[in-house]
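Structural features, examined
So the chains spell out like this:
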Amino acid sequence: MFLKTSFTTLVVGVFVVYVLHTCWVMYGIVYTKPCDSPKKDNCITPYLAGKPKLQLSIYTALQSNANGGHALIFKEDDFDVYGKFERIVNVSLPKKTRNNGTLYALVFVHQAGVSPWEDPRQVHLVAQLTTYMVPKPPEISLISREDELQDQESQNAKRYDGRAAPKGEATSSPDRPVSHWRSRLTLNIVSDHFLFDRGHLPSDVHRYLRVFQNGKKMVYLPLLFVDELSNRVKDLLEINSTSTELPLAVSYDSISLGRLRFWIHMQDAVYSLQQFGFTEKDADEIKGIFVDTNLYFLALTFFVAAFHLLFDFLAFKNDISFWKQKKSMVGMSSKAVLWRCFSTIVIFLYLFDEQTSLLVLIPAGIGSIIEVWKVKKALKIQVFWKGGKPTFLFGKLDESERRTEEYDTLAMKYLSYLLYPLCIGGAIYALIFLRYKSWYSWLINSLVNGVYAFGFLFMLPQLFVNYKLKSVAHLPWKAFMYKAFNTFIDDVFAFIITMPTSHRLACFRDDVVFLIYLYQRWLYPVDKTRVNEYGVSYDEKPKGKTHKD
């Protein structure tokens, strides 16, 4: 018992140190030490303090260094650095870009009325306007839209590296990445007249800093930043041979120095994940966390998510410990265990079919393996290998376990009167009216919708078993409490953040069921002097494996 307590204490201690360290790192990112004495030579003053007349110009080029020609697509003559605007421009695509090529945007901030190529005090950045991604497969209604699938396949067969496929040659694979157009270009300039100290110049800002000598003073040019986090998958447009012109939304807004440094770190983190093999869709899910959330609310979300992770770990630890020493299924609903195993596997297959991020997919897969292990423990299954083939042996139930199984079967019988018609009706509705890529997708989506919509109903058989046995001593209450804390956290965020009504109702109904569990715990108090099924009381050490009622 001492080892288990010390291990939990160690984990909580590491968690507290991690949170404090993260707070210190975040403070170091947001806060930058200014130059204390502006008259000294170690200060770098802002060029914007002189209120120069600037111009914003954007060119397109086939190469990032503009070799081979460039074309002006946007110009803001009277450029207000402290303002905010969004413009829609139509960009002509070169032939190489239409044939699965790339296209770059050259963004210049320079003196008004002077060509950026002739201005020695211009700042510029290069942004890629195209990216490569696997095209999204067509979705169809499996009953009434089969002809649409054939039309889509015939249109896809015409693509062959951006041109018609010659006769006798195979068409491009549907899994082959093709060029997509990034329809948004988000630009930022730091509006703070911040005085940098040469001795405390942040390394993340250093690569964006361009300075020149003005007499005895060092002056830095405007800090221009291209926000790559705003490039989302939903804004991508597939480029084909007929796409001669595509729209581009040029968005500009001023930004503070602290937010710029935070954005640089987050952008580098996403880029690092892509270098480790994460796809554009994986990176897009991470971008959504930062782009779609207020910065202060994002910090709150971090702390809540950290505690959510801690409670998840503690619930996982106590659940594993409980089932590891579980020898009898007295008072436990085996149907609920089977349902949890089935539902976690269905959710894992759904996430796999949707090509969800590995950050979500891997924990879901591990959870499915654990639930299968719990089913093996609950049904007392033993696996023997004979001649390379597995043989399964099911253990026998004693009298108390058979009585629990009868109550469990009776509860499922009553529940099936409501559950089966709802699931079958939902599957038929999806088959007729909704659109899916294949029969497999329809099956997985129908199952996962049933899991999300009616999964809480499978918590009810355990309540029925508790009611019949007038006892809750057989439940893993520590794991229940940690899961309840996480459910409460989910509920709070479901009502703070704009969530669909169905999601809010799902959180609320889980709380209702858990409150019934707490009511049963109060109604059927545990006698701490009574020896449990392991031969252990609350105040005694293990005596053996005898079972006493």
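Heads up: the structure comes first, above all this text.
Residues numbered from 1 in each chain as written. Predicted model: local features only at pLDDT ≥ 70, side-chain atom pairs only at ≥ 80, totals over all residues. Heavy atoms only, no water.

**Considerations on the overall build of the chain**
Assigned secondary structure in the chain consists of 14 helices and 17 strands. Looking at the chain as a whole, 40% of its 549 residues are labelled buried. Of the roughly 31,900 Å² of accessible surface on the chain, a fraction of 61% belongs to carbon and sulfur atoms. (Helix = DSSP H or I, 4+ residues; strand = E, 2+ residues; numbered from the N terminus. Buried < 20%, exposed > 50% of the residue type's maximum accessible area, 1.4 Å probe, protein only. Areas by Shrake-Rupley, 256 points an atom, 1.4 Å probe, with all protein chains shown as cover.)

**Details of a nonpolar patch on the surface**
A contiguous nonpolar patch, built from Trp24, Val25, Tyr27 and Tyr31 and spanning about 460 Å² of accessible area, is present on the exposed surface. Within the fold, Trp24 resides in helix α1 (residues 2–30). (Patch = residues over 30% accessible without salt bridge, like charges linked within 9 Å, V, L, I, M, F, W, Y side chains within 5 Å. Salt bridge = Lys/Arg side-chain N within 4 Å of Asp/Glu carboxyl O.)

**Side note on the environment of Leu273**
Mapped onto the fold, Leu273 is located in helix α5 (residues 257–275). By relative accessible area, which is 24% here, Leu273 ends up partly exposed. A sequence separation of 13 residues divides Leu273 from Ile286, and the C-alpha atoms of the two residues are 9.8 Å apart. Dropping the residues within four chain positions of it, Leu273 is found in contact with Phe278 and Ile286. (Contact = heavy atoms within 4.5 Å.)

**Focus: the nonpolar core**
With 34 residues, the main nonpolar core has Ile58, Phe79, Trp181, Leu185, Leu187 and Leu248 as its most contacted residues. Per-element accounting of this core gives the leading share, four residues, to strand β15 (residues 245–255). Leu185 has contacts with Ile58, Ala105, Val107, Ala127, Val226, Leu248, Ala249, Val250 and Ser251, leaving out every residue within four places of it along the chain. Counting 25 residues, the second-largest nonpolar core is a separate cluster that includes Met218, Leu223, Leu257 and Trp263. (Core = buried A, V, L, I, M, F, W, Y, C linked by side-chain atoms within 4.5 Å.)

**A few points about the environment of Phe85**
As for its position among the elements, Phe85 is in strand β4 (residues 84–92). Considering only alpha carbons, one finds Phe85 and Val250, 165 residues apart in sequence, at a separation of 8.2 Å. Residues in contact with Phe85, not counting those within four places in the same chain, are Leu56, Phe74, Glu76, Phe79, Val250, Ser251 and Tyr252.

**Points about the pairing of β15**
Direction of pairing for β4 relative to β15: antiparallel, over a ladder of nine bridges. If you follow Ser92 over to β15, its bridge partner there is Glu245. Bridge analysis of strand β9 (residues 184–190) against β15 gives seven bridges, and the strand direction is parallel. Bridge pairing in β15 links Ile189 to Ser254. (Pairing = 2+ DSSP bridges.)

**What about unusual backbone geometry?**
One non-glycine residue, Lys380, lies in positive phi territory at about 55 degrees. Using a relative accessible area of 23% as the deciding quantity, one classes Lys380 as partly exposed. In this model, Lys470 sits at a positive phi of 55 degrees, which is unusual for a non-glycine residue. Among the structural elements, Lys470 can be located in the loop between α12 (460–469) and α13 (477–496). Accessibility expressed as a relative area gives 47% for Lys470, which makes it partly exposed.

**A few points about the pattern of salt bridges**
What the rule picks out here adds up to ten salt bridges. Among the salt bridges present, the one from Arg184 reaches Glu86, with a minimum N-O distance of 3.3 Å. Highlighted residues: Arg184 in strand β9 and Glu86 in strand β4, separated in sequence by 98 residues. Among the ionic pairs, Lys380 bridges to Glu401, the shortest N-O distance being 2.9 Å.

**Quick notes on the packing of aromatic side chains**
Using the criterion set out here, one finds 17 aromatic pairs in the structure. Ring plane angle 90 degrees and centroid distance 5.9 Å describe the contact between Tyr59 and Phe108, whose orientation is recorded as edge-to-face. You can see Tyr59 sitting in strand β2 (residues 54–61) and its partner Phe108 sitting in strand β5 (residues 104–111), a full 49 residues away along the chain. The two residues Tyr59 and Phe108 agree in class, both being buried. Judged by centre distance (5.8 Å) and plane angle (45 degrees), the rings of Phe262 and Trp263 are tilted. Each member of the pair Phe262 and Trp263 is classed as buried. Through pairs of rings, three or more aromatic residues link up here, namely Phe74, Phe79, Phe85 and Tyr252. Note that Arg259 overlies the ring of Trp263, its terminal NZ or CZ placed 4.6 Å from the centroid. If you follow Lys470 out to its NZ or CZ, it ends over the ring of Tyr467, 4.4 Å from the centre. (Phe/Tyr/Trp six-rings, centres within 6.5 Å; stacked < 30°, edge-to-face > 60°. Lys NZ or Arg CZ within 6 Å of the ring centre and 35° of its normal.)

**Let's talk about the sheet that holds strand β12 (residues 217–220)**
Strands pair in a sheet through their backbones, by hydrogen bonds, and they do so in one of two ways: parallel or antiparallel. The strand order across the open sheet formed by four strands is β10-β1-β12-β11, and the pairing between neighbours is mixed. Edge positions in the sheet fall to β10 (196–197) and β11 (211–214), since each of these pairs with one other strand and no more. Summarising the sheet, β11 and β12 pair through four bridges and their orientation is antiparallel. Residue pairing across strands places Phe212 opposite Val219, the latter belonging to β12.

**Overview of the state of the cysteines**
Under the criterion given, the structure shown has one disulfide. Each disulfide pairs two cysteine sulfurs, and for Cys35 the partner residue is Cys43, the sulfurs being separated by 1.6 Å. Residues Cys35 and Cys43 are joined by a disulfide whose S-S torsion is about -60 degrees; by sign, that bridge is left-handed. For the pair Cys35 and Cys43, a shared accessibility class is recorded, and that class is buried. (Disulfide = S-S within 2.5 Å.)

**Let's talk about the sheet that holds β15**
Spatial strand order, β4-β15-β9-β13: four strands in an open sheet with mixed pairing. Sheet topology places β4 and β13 (224–226) at the edges, where each strand pairs with a single neighbour. Looking at each pair of strands side by side, their axes are set apart by 25 degrees on average, direction ignored. Of the strands in this sheet, β9, β13 and β15 touch α5, which is tilted by about 40 degrees from β13. (Axes fitted to C-alpha atoms, helices over the stretch in contact; angles between N-to-C directions.)

**Some points on the packing of α5 against helix α6 (residues 280–291)**
Where α5 contacts α6, the two axes come as close as 9 Å, and the packing angle between them is 160 degrees. As summarised for this structure, α5 and α6 are arranged roughly antiparallel, according to the angle between their axes. Crossing geometry of α5 relative to α6 is assigned as right-handed. On α6, the residues touching Phe262, Trp263, Met266, Val270, Leu273 and Gln274 of α5 are Glu280, Ala283, Ile286, Lys287 and Phe290. Looking at the contact of α5 with α6 residue by residue, the class counts come to eight nonpolar, one polar and two charged. (Parallel < 35°, antiparallel > 145°, perpendicular 65-115°, else oblique. Left-handed = near helix turned anticlockwise from the far one by under 90°. Nonpolar A, V, L, I, M, F, W, Y, C, P; charged D, E, K, R; others polar.)

**Details of α5**
Look at α5: 27 Å from first C-alpha to last across 19 residues, which is about the 27 Å you get at 1.5 Å a residue. The positive-phi residue at the C-terminal boundary of α5 is Gly277, with phi of around 110 degrees. (Expected span 1.5 Å × (residues − 1).)

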